[in-house]
Structures are given as C-alpha cells and as structure tokens.
Amino acid sequence: MIKITKHISKNIKQKWQQTKPKYKFILSFVLLCLSIRALPLFAPIRPQDIAQNQQTLEFIDRNGLPLGTILTRDQENTVVVPLEQISPLFINAIIAAEDKRYYQHGALDIKAIGRSLLEAIQAKQIVSGASTITMQLARMLEPTPRTFGNKIREIWLSWRITAGMNKNQILQAYINRLPMGGNIYGVEAASRAYFGISATDLNLAQATILAALPNDPTDLNPYYNWSLLKQRQIHILKRMVEDNYITSAEAEKVLAEKITLQPKNQGIIAAPHFLFWLSQNQSTAINQNLSTTTTPTVIRTTIDRPLQQFVTTQVQQVIQNITPYNVHHAAAIVINNQTGEVLAYVGSPDYFNTQKMGSNDGVQALRQPGSTLKPFLYQLALENQVINPNTILPDVPTYYAIPGAKLYSPTNYNQDKFLGPVIVRVALANSLNIPAVRVLEKVGVEQFLNRLHQLGFKHLQASPEHYGLGLSLGSGEVSLWELAKAYLIMARQGEVIPVVTTIPSKTSPLFQQKKSQDISLLPQAESKWMLIVNMLSDSPTPPLKTATLSKNYHKLN
C-alpha cells in the first residue's frame, strides 16, 4: 500500500514538473482563490451574533402625563420583528428595489458586477452599483467610508454572513435595520411612525412608499419631499411589474390611491430631545434595572408637560420673529432652583424638522457663551478681593499686546460707544466688555478657568493661554446644560447640587443613590453670590447717569 502511494505521489510530481508555467500559475491562482473563499467558513456570523437587543421605554412627566415612547435606549427608533410578521408586499418591493436576484446568487451578484463594470466603461463613470442585500447588511453592521479597501472588507464580511446565515435570516436582519428617515430604522418602526399600523398590515401603496425610503431617507422624507418619494415609488412599481410581482393594472391603481400619514411626532408627545438624551445618558442603576425586564419600562421624569409645551411654543414664536435675520435655531432649559429638577428641556424649535436639522440638541451642543460667563468672573473677583462693589472700572478703548498676534482691542456690543468710568454694578448690569476683560486681567485667566471647572464646565479643556483674556467674553465653547448647572449654583449661593431628571420610586436602586448624593459648597462663596444675583437684577444704566454715580468711588489700578 505504501509503495502504491509513493508511486502515485511520484507520478503527480512528474506531471506537475511537466506542466507549463502558465498553467501552473492559473492553477495556483484558482487554489488561492478557493482557499480565501473558504476562510469565512471558519469565522461565520450567525443571527445571534448580530441580534438587536432592544427595550421599549415609556416616559411620563412628573404628574404622570405621557411624554412618549422610545423603542430602544439609543436614538435608533426601531422594533425588531421576524420575517413572518412583515407584509409579503413589502418584502417583494424591497427585493425588487434593492436586489432583484437576491434568492438566485450568493453574497455577491457576479452578473450585476459584470453589468456595472460594462456600464461604467461605456459611460466612463459609475452608472449603477452592484451591492447586494447581503453587502448592504455588512455596511450597516460596520459603516465605513466608501474606499477600495473598505469595499474588500465589506465583501469579506458579506461572505462571513453568508457562511453563518440563510437567505431569510439575512433578509430579516437587513429589513429590521433599514434607514427609514430621521431616527427611524426598520420597517416595523416605520410602519408605526408613518401609518400607525404594524408592518404585517401594510397594503401595496404603503409597502412601496416604505420600500422607496432607504434609497435616500433624508431627501425622500415623506413629510417634506412627497413628490420625490412618489417618483421613487413609481420606479419600484415598474420593477415589481417587470419581476411579475404585480400587474400593470395594480401598479396604476396604487399610484391613484391616496395615502394618509400619521402626525410627524414618531410616538412622542413632548420633550423629544430630552427623552432621547435621557435614554442615552441614564445611570448604570437604571440600565441594570431595564435589562432585567422584557415589558415596557415606565420612567417618571421631572418634566412638567404643560410647562414644557409652553416653553416650546415660546421658542418657536421667538424664532419665527427673528427668522428674517437668518436665525433658525434656539434652545431652552428650565430648572427648579430648590430641587435641581429639570422642568422643561427644548433642544430646538421642531425636533422633527429634518430639513433644518431639528434633531440637533441645542441644550447639549457646544457654543460660545458670549457674556454669560461674566457673572462668574465678577463673583470670583469679589471673592478674591480683586474688586469690591464700589470699584471704578474704565469703559474706554483699551489695547492688549498678545505675543505673535495683533493688538487685542475688545469692544462693547454697541461697537464704538463707551460709558467711561463705571462702578462694578453698572459694568455687570450693562454687560460691558472692556471692564470684564480688565477684571480678568487682574484675576488671572488660569484662576478663572479653574473656577469654571469647579462650576462644571467640563468642555473647557484647553490651556489658559489658548483662551486668553477673551475667556471673559466667551472665547471657549460650553453647552447650555453646563450654563444652566452653573447658574443653579449661583441661585443656591454657591451650593452645588446634582441636576435631577428622573423621579425614581422608593423601591428603585436610584432612590437610595439619590438620597446619598453629597451637597458641596464652593469656598467663601455665599455673600458674594448674593451680591452678584442682586447686581444682575439691575436694569442697564443710562450713560448720562454713570458719571454722577461713579464720582467718589475707588478705582481699579
């Protein structure tokens, strides 16, 4: 037996040696390709590896009024459903729209790739893509910029998916992740948000509208670009006719059918920015509590819904009045100074206005704060005895030499108008810039920056040299949330308490956590904070009265 094996091996070796080099190369290349293609079998991606673990959260206000439901703990509003609970009309529509030969090819569609390459050569540009549903799923799982290297990675991931999942499992994972506009993902969430029904009840008109959305979920938003969405629907209906899913008569009937959309609130009644922010930033105790239940979890927030709706209306009216000045965004937050509870939280005039990026949260966004840091500067200066309430500050043209830069010359909001010598109270009440810069020069940028860190401005992480004297005028970026927390400390005369967003039950782990939270006090602060609050209550002083008021007061050198 051993002799026979040796003889066979010898014959194979001789034949290989006699083979022409080009055939050796072709055979080696084929073997290499087969080896690479077989590798995904050793690293398959199975359904459980990409399972979407979601938990429904129901939010109520402090008095039990509903605020809305978020279907996951992140901003992706999605509901995972099995393929059997999705209308076959939608399944046919999405296959016709995205990958007509889905059940006839593997991870890649070689025929589509060949067609795409031929069209690109003829047109000298990319005319159509060749991504299959499996490749699109791979891109959803690991989003990356579209480069050649990432395309290879996408193909590799597609092969791994195919190695561990059958066609229906892949299609189910894909459909549950489809981007459907805004923060809505998956056909079930889209069906509920746009039509108020489950995906299993979609008719042909609704199914083809939803199948049109993933192509460009922003520009095809049904609330703002209905005509463009209808054009995409026509394209899908034509493909369904070509693929014999429906007849031409059925397609024409669909186009004539009137489709009614739900209000664009996606199941949220009030405070959408707050609900999404809260769902992303809950404490570990809440997350642990949520993960142990499969039923919708009710979270009682500190929001006062009538107040929330009033503040939202006010923000919208203000923006409406100043829109001619190219101002389109505003945010507001209301905090109870006694308890630290957030009563209202408005991140933008309209969360659901995707054209104006309404989902951007202005409460958490970083912006230059302008003059809003001045009270904290004056409080620190009073605390360090750099100034007293009667100190005279010069509001006159001033120049500061900055190494390697032009002379720094701060101006007031009214540009070239100055009040001359003013007392501290007048300088703060009128929000004068030059006196504030002068005070910061005496206090020191580093000391002021340290105080801002104590107040909770965690985003001011650059060096004192980076901000310079402009820090008194808002040269650093902070959030409205940080500003509100700092002003809460001011209202409490230097007492630092946590900002509260939820009202836990007595049985919740958060109840004990809330009871044990420490209250701290900024050093030597109380009387100085009271002075600042009192000064801020003043009305701006007319320039003519300033000289009379400041005649006999101490001057800051």
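Refer to the structure printed above.
What comes next is a walk through the structure. (Residues numbered from 1 in each chain as written. Predicted model: local features only at pLDDT ≥ 70, side-chain atom pairs only at ≥ 80, totals over all residues. Heavy atoms only, no water.)

## A short note on the nonpolar core
Argument step 1. The biggest cluster of nonpolar side chains holds 53 residues, and the ones touching the most others in it are F90, L171, I175 and L210.
Argument step 2. Taken together, the elements giving at least two residues each to this core come down to α3 (88-98), α5 (133-141), α6 (148-164), α7 (167-175), α8 (187-195), α9 (204-212), α10 (226-242) and α11 (248-256).
Argument step 3. Apart from the residues within four sequence positions on either side, L171 is in contact with L83, I91, I95, Y102, Y103 and I133. (Core = buried A, V, L, I, M, F, W, Y, C linked by side-chain atoms within 4.5 Å. Buried < 20%, exposed > 50% of the residue type's maximum accessible area, 1.4 Å probe, protein only. Helix = DSSP H or I, 4+ residues; strand = E, 2+ residues; numbered from the N terminus. Contact = heavy atoms within 4.5 Å.)

## A short note on the side chain of T302
Argument step 1. By the secondary structure assignment, T302 is in the loop between β5 (297-300) and α14 (305-322).
Argument step 2. Under the relative-accessibility criterion, T302 is labelled buried at 0%.
Argument step 3. Of the polar contacts made by the side chain of T302, one reaches the backbone oxygen of V342; its length is 2.6 Å.
Argument step 4. In this view, T302 contacts R62, E341, V342, L343, V500, T501, T502 and I503; residues no more than four positions away in its chain are not counted. (Polar contact = N/O pair within 3.5 Å; in protein donor to acceptor, adjacent residues only side chain to side chain.)

## Let's talk about the sheet that holds strand β1 (residues 57-60)
Argument step 1. Taken in spatial order, the three strands make up an open sheet running β2-β1-β5, and their pairing is mixed. The strands lining the two open edges of the sheet, one partner per strand, are β2 (66-70) and β5. Taking the axes of each pair of neighbouring strands and ignoring which way they run, one obtains an average angle of 20° across the sheet.
Argument step 2. Where β1 meets β2, four bridges bridge the pair, whose relative direction is antiparallel. Directly across from F59, in β2, lies its bridge partner G68. (Pairing = 2+ DSSP bridges. Axes fitted to C-alpha atoms, helices over the stretch in contact; angles between N-to-C directions.)

## Things to note about a nonpolar patch on the surface
Argument step 1. A grouping of L39, L41, F42 and W156 is seen on the molecular surface, where their side chains present a nonpolar patch of about 460 Å² in accessible area.
Argument step 2. Tracing the backbone through its elements, the reader meets L41 in the loop between α2 (21-38) and β1.
Argument step 3. Classification of L41 as exposed rests on a relative accessible area of 58%. (Patch = residues over 30% accessible without salt bridge, like charges linked within 9 Å, V, L, I, M, F, W, Y side chains within 5 Å. Areas by Shrake-Rupley, 256 points an atom, 1.4 Å probe, with all protein chains shown as cover. Salt bridge = Lys/Arg side-chain N within 4 Å of Asp/Glu carboxyl O.)

## Things to note about the pairing of β1
Argument step 1. By the alternation rule, side chains of β1 split into L57 and F59, which are all buried, and E58 and I60, of which none is buried.
Argument step 2. In this antiparallel pair of consecutive strands, β1 and β2, the connection spans five residues, and G64 shows a positive phi of 90°.
Argument step 3. Direction of pairing for β1 relative to β5: parallel, over a ladder of four bridges. Paired with E58 across the strands is V298, a residue of β5.

## Considerations on α3
Argument step 1. Burial analysis of α3 places eight of its eleven residues in the buried class, which makes it a mostly covered element.
Argument step 2. Of all the residues in α3, the buried ones are F90, I91, A93, I94, I95, A96, A97 and E98.
Argument step 3. On its buried face, α3 is in contact with α5, α7, α8, α9 and α10.

## Considerations on the packing of aromatic side chains
Argument step 1. Across all of its chains, the model carries twelve aromatic pairs by this definition.
Argument step 2. Between the aromatic rings of F376 and Y487, the centroid separation amounts to 4.9 Å while the plane-to-plane angle is 70°, which identifies the pairing as edge-to-face. With F376 in helix α15 (residues 374-383) and Y487 in helix α20 (residues 480-491), the pair connects residues that are 111 residues apart, well separated along the chain.
Argument step 3. The class of Y487 is partly exposed, set by a relative accessible area of 28%.
Argument step 4. Grouped by ring-pair contacts, the aromatic residues F274, W277, Y345 and W481 constitute a single cluster.
Argument step 5. One cation-aromatic arrangement involves K167 over Y102; the distance from NZ or CZ to the ring centre is 4.1 Å. (Phe/Tyr/Trp six-rings, centres within 6.5 Å; stacked < 30°, edge-to-face > 60°. Lys NZ or Arg CZ within 6 Å of the ring centre and 35° of its normal.)

## Topic: the packing of α8 against α9
Argument step 1. Between α8 and α9, the shortest axis-to-axis distance is 11 Å and the interhelical angle comes to 115°. Along this stretch, α8 crosses α9, giving a crossing that reads as right-handed. For the pair formed by α8 and α9, the contact residues are V187, A190, S191, Y194 and F195 on the first element and Q206, I209 and L210 on the second. (Left-handed = near helix turned anticlockwise from the far one by under 90°.)

These figures capture arrangement, not role.
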